[in-house]
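A closer look at the structure
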Amino acid sequence: MLETLDTPVHHQLREQSDAYPRPTFHNGRPTLLGRMRRHYLDILASIYIYNEHRGYRSLDRVLEAVRLRCPDDRTFTAQVEKHRADERKHYAMFRRYFELRGEMPYAVDRTCGHIDRLIRMTFGCHIDDLDTDAVVAQPELFNKLCRIIMITEIRGMHMVDTLLQSLLVKADRPLTKIFKVIEKDEPSHWMPYDAWLQCHDGGKPRLFERLADFWVHLSLVLVKLPLLYCNPRLSRRTNWQDDEAAAANESQPSRIARTV
Ligand SMILES: [Fe+2]
Ligand SMILES: [Fe+2]
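Judged by nonpolar contacts, the single largest core of 44 residues is most densely connected at Ala45, Ile47, Val62, Phe94, Leu145, Cys146 and Ile149. Looking at this core, the elements with two or more residues in it are helix H2 (32-69), helix H3 (74-101), helix H4 (114-123), helix H6 (139-165), helix H8 (173-185), helix H9 (187-199) and helix H10 (207-230). The residues touching Leu145, leaving out its near neighbours within four places in the chain, are Val62 and Val135.

Below, the structure is given as structure tokens:
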């Protein structure tokens, strides 16, 4: 169908669809290597789209805490707002990536969420259960939240650098384009928290926080990702994360107001 239409939109779609690495074919069937490569990239993108979605949803609540904690600091608030908008944009790019291929992401859960697990290890509760009032009222808790976000973003920056060197990722032009956008955005995601911490005696990330980050990263790359890859029963999502979140908000309008 795309071959026969010559509008600019169809031209762009054709160009984009040509850019996805297709499994190479042998006797009319995709080769094993091609299918393995496609499977790996799909799992990688599924973990990313999950994390981007968790990122901007969590930042909604961080933003609420920032506005209450430092109401006069317009610069910091604007930086966090920009951070939230970037993460929303990253999510949308991955969603488009899957949509153009006519696939849904794999159904990965919070065990693949870097920020989910880091908050769990450092605050002792799930991110959705963080007590906003306590974070706003206690400087040490607010500083800790800033340090955790900073560590997560620095980790994300290094991860993207590594992925952009990967031959598997480089073979997928749309995915490479997405990672290049993330690479460009990433420094502006952790620097504001670092600057704020320096100005308010927030200190540098503690040893335990760094170790927790290292552990979460290591277990994700060396354990979680291979397990997902080898799981033959891993299913695809049946809806998009933001559609699901919108539906949940409609049914529970007071929940956001209650939590950080
Ligand atoms: Fe992101
Ligand atoms: Fe980021």
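Having seen the structure, we can now continue with the description.
Along its 24 residues, H10 runs 34 Å from first to last C-alpha, staying within 8% of the 34 Å computed at 1.5 Å per residue. Along H10, the sharpest change in direction is near 40 degrees and occurs at Leu220. Check the buried side of H10 and you find it contacts H2, H4 and H6.

This brings us to the packing of H6 against H8. Where H6 meets H8, the axes come as close as 10 Å, and the angle between the chain directions of the two elements is 150 degrees. The handedness of the crossing between H6 and H8 comes out as left-handed. Within the contact between the two elements, H6 uses Val160, Asp161, Leu163 and Leu164 and H8 uses Thr176, Phe179, Lys180, Ile182 and Glu183. Broken down by class, the residue content of the contact of H6 with H8 amounts to 5 nonpolar, 1 polar and 3 charged.

As a further point, take the environment of Arg237. Structurally, Arg237 is set in the loop between H10 and helix H11 (241-251). Residue Arg237 is classed as partly exposed on the basis of its 17 C-beta neighbours within 10 Å. In this structure, the C-alpha to C-alpha distance between Arg237 and Met104, residues 133 residues apart in sequence, is 5.9 Å. Residues within four places of Arg237 in sequence aside, it is in contact with Met104, Pro105 and Ala107.

Here is what the cut-offs are and how they apply
Residues numbered from 1 in each chain as written. Chains lettered and ligands numbered in written order. Predicted model: local features only at pLDDT ≥ 70, side-chain atom pairs only at ≥ 80, totals over all residues. Core = buried A, V, L, I, M, F, W, Y, C linked by C-beta atoms within 7 Å. Buried ≥ 20, exposed ≤ 12 C-beta atoms within 10 Å, placed from the backbone. Helix = DSSP H or I, 4+ residues; strand = E, 2+ residues; numbered from the N terminus. Contact = placed C-beta atoms within 7 Å. Expected span 1.5 Å × (residues − 1). Bend = angle between axes of the 7 residues up to and from the residue. Axes fitted to C-alpha atoms, helices over the stretch in contact; angles between N-to-C directions. Left-handed = near helix turned anticlockwise from the far one by under 90°. Nonpolar A, V, L, I, M, F, W, Y, C, P; charged D, E, K, R; others polar.

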